[in-house]
Amino acid sequence: MERDPSLIDEPYKFLKVVLNPDGSLTRDENFPCVPPTPQLASESANSPSQKQLSLSKDIPLNTANQTFLRLFRPLNHTNKLPIIIDFHGGGFILLSAISAPLHNMWNRAAAFAPALVITVEYRLAPEHRLPAAYDDAMEAIMWVRDQAREINGCDPWMKELADYSNVYIMGTSAGGNIAYHAGLRALDADINPIQIKGMILNQPFFGGVQRTPSEERLSRNPVLPPTVSDLMWLLSLPPGSDRDHEYSNPLDGVNPKIKGLPRCLIRGFEGDALVDRIKGLANMLDAHGVKVVAKIADGGFHAAEMADEKKLQELFLQIKDFIYSS
């Protein structure tokens, strides 16, 4: 997503959003939303330019909240598969689970892993401030639990392929933040018989009032400068909260429940202003007995895998290795 670096100090213009008098946002969406592909498209059909490696379909989650799930199943698989529940990035205020780059990524990754992938269309801020996205995340986890229990029936793809003993919660950027908080909430929920075996936090989005060295060093970073992160938190956190709120800064008053979290894959880039916070999260979890696999790569930038095919392949390989090495 190209941004104008000259607008770093004007974060609304940088993000191409306008705050309306009623508190909602007008968004200039850069990526189109794409429909699911519930069956193999014929060569003559108007199918995506990318090769179809998985089938996908949309499933309502909470009709009142207009949330839903997009379920991906790889082609030509009949064995039981691990389940990945994924939350997209966008600073809590942008993008959709069905934005074209994300749909295309999971079309490939579901087949590469292989895994059943559930991407969650959660509510965005500021129209729905946190913890709305966390509530939606838990509804998605409970939907998987209800599939395992066959409450109100069971989706046929889930019935055929889902390994409910092998569930992973994943998210990128703000989605990584959502995955982290959903993992904490799941510790107190009755999720039997599903078993959450791991969390995949890809460049998770956290903040704090005090600038970190990487935020100072990369203050003019043209991808996700701290001024833009500040605006995202301002629009996402409960009114009147600062960036040291527990949703934003897990290092400010550590939650004792974290010792119950499953193993975590935490990814980041040295060229991302968030990298010090990502390292701090990994160190904090490790210090509390959580098994952490930290992958902090040199160079790069926030969401670099969306612009660099090599880094996207690295993401796929690390997801596969993390899931199948458990």
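Given the structure is predicted, the values throughout are model-derived calculations rather than measurements. (Residues numbered from 1 in each chain as written. Predicted model: local features only at pLDDT ≥ 70, side-chain atom pairs only at ≥ 80, totals over all residues. Heavy atoms only, no water.)

(A) Main features of the overall build of the protein. Counting its secondary structure elements, the protein contains nine helices and ten strands. Taking 326 residues into account, the globule formula puts the C-alpha radius of gyration at 20 Å, and the protein, at 19 Å, falls close to it. Seen through its C-alpha atoms, the protein measures out along the principal axes to roughly 50 × 50 × 40 Å. The long-range share in the protein, meaning contacts at least 24 apart out of those at least 6 apart in sequence, stands at 77%. (Helix = DSSP H or I, 4+ residues; strand = E, 2+ residues; numbered from the N terminus. Rg over C-alpha atoms; globule rule 2.2 N^0.38 Å. Contact = heavy atoms within 4.5 Å.)

(B) Just the pairing of strand β4 (residues 67–74), in detail. Here β4 lies mainly inside the structure; eight of its eight residues are buried. Residues T67, L69, L71 and R73 of β4 are buried on one face, and the alternating residues F68, R70, F72 and P74, pointing to the opposite face, are buried as well. As judged from the eight bridges shared by strand β3 (residues 54–62) and β4, these two strands associate in the antiparallel manner. Its bridge partner lying in β4, N62 is registered against T67. Following β3, the chain reverses through four residues before pairing antiparallel with β4; Q66 in that reversal takes a positive phi of roughly 55 degrees. Direction of pairing for β4 relative to strand β6 (residues 116–121): antiparallel, over a ladder of five bridges. What sits directly across from R70, in β6, is T119. (Buried < 20%, exposed > 50% of the residue type's maximum accessible area, 1.4 Å probe, protein only. Pairing = 2+ DSSP bridges.)

(C) Structural detail: the sheet that holds strand β9 (residues 263–269). With mixed pairing, eight strands are arranged side by side in an open sheet as β3-β4-β6-β5-β7-β8-β9-β10. Each end of this open sheet is capped by a strand with a single partner; those strands are β3 and β10 (292–297). Looking at each pair of strands side by side, their axes are set apart by 20 degrees on average, direction ignored. Alignment of strand β8 (residues 196–202) against β9, held across five bridges, turns out to be parallel. Looking across to β9, one finds that N202 is bridged to R267. Here helix α2 (residues 100–112) sits on the sheet and contacts β3, β4, β5 (81–87), β6 and β7 (162–172); the angle it forms with β4, its principal contact strand, is near 40 degrees. Running at roughly 160 degrees to β9, helix α8 (residues 275–287) makes contact with β8, β9 and β10 of the sheet. (Axes fitted to C-alpha atoms, helices over the stretch in contact; angles between N-to-C directions.)

(D) Highlighting unusual backbone geometry. The amide bond that connects A113 to the next residue, P114, takes the cis arrangement and shows omega of -15 degrees. At the junction of N192 and P193, the peptide bond is cis and its omega measures out at 10 degrees in the coordinates. With respect to the secondary-structure elements, P193 resides in the loop between α5 (174–186) and β8.

(E) Focus on the pairing of β7. Across the eleven residues of β7, nine count as buried, placing the element largely inside the fold. Sheet topology places β7 next to β8; six bridges connect them, and they run parallel. Counted as the bridge partner of G171 is L201 from β8. For the crossover that starts at β7, traverses α5 and ends in the parallel β8, the hand is right-handed. (Right-handed = clockwise from strand over helix to strand, strands pointing away.)

(F) The packing of helix α3 (residues 132–149) against α5, seen in detail. Between α3 and α5, the shortest axis-to-axis distance is 9 Å and the interhelical angle comes to 60 degrees. Judged by the inter-axis angle, α3 sits oblique to α5. Seen along the crossing, α3 lies across α5 with a hand that is right-handed. On the side of α3, the interface is formed by A133, Y134, D135, A137, M138 and I141, while α5 contributes N177, I178, H181, A182, R185 and A186. Here the residues of the contact of α3 with α5 are counted per class, giving eight nonpolar, two polar and two charged. (Parallel < 35°, antiparallel > 145°, perpendicular 65-115°, else oblique. Left-handed = near helix turned anticlockwise from the far one by under 90°. Nonpolar A, V, L, I, M, F, W, Y, C, P; charged D, E, K, R; others polar.)

(G) Seen up close, the packing of aromatic side chains. According to the stated counting rule, one finds seven aromatic pairs in the structure shown. For the ring pair F92 and F205, a centre distance of 6.0 Å and an interplane angle of 50 degrees mean the geometry is tilted. Separated by 113 residues along the polypeptide, F92 in the loop between β5 and α2 and F205 in the loop between β8 and α6 (213–217) bring together distant segments of the chain. The residues F92 and F205 share a single accessibility class, namely buried. Relative to F316, the ring of F112 lies with its centre 6.0 Å away and its plane at 35 degrees, an arrangement referred to as tilted. One end of the pair, F112, is in helix α2; the other, F316, is in helix α9 (residues 309–324), and 204 residues separate them in sequence. Judged by relative accessible area, F316 falls into the buried class, the value being 4%. Joined through ring pairs, the aromatic side chains of F92, F205 and W233 make up one cluster. Residue placement shows K57 over the ring face of W157; its charged tip is 4.3 Å from the ring centre. The cationic tip of R263 hangs over the ring face of F322; the distance from NZ or CZ to the ring centre is 4.0 Å. (Phe/Tyr/Trp six-rings, centres within 6.5 Å; stacked < 30°, edge-to-face > 60°. Lys NZ or Arg CZ within 6 Å of the ring centre and 35° of its normal.)

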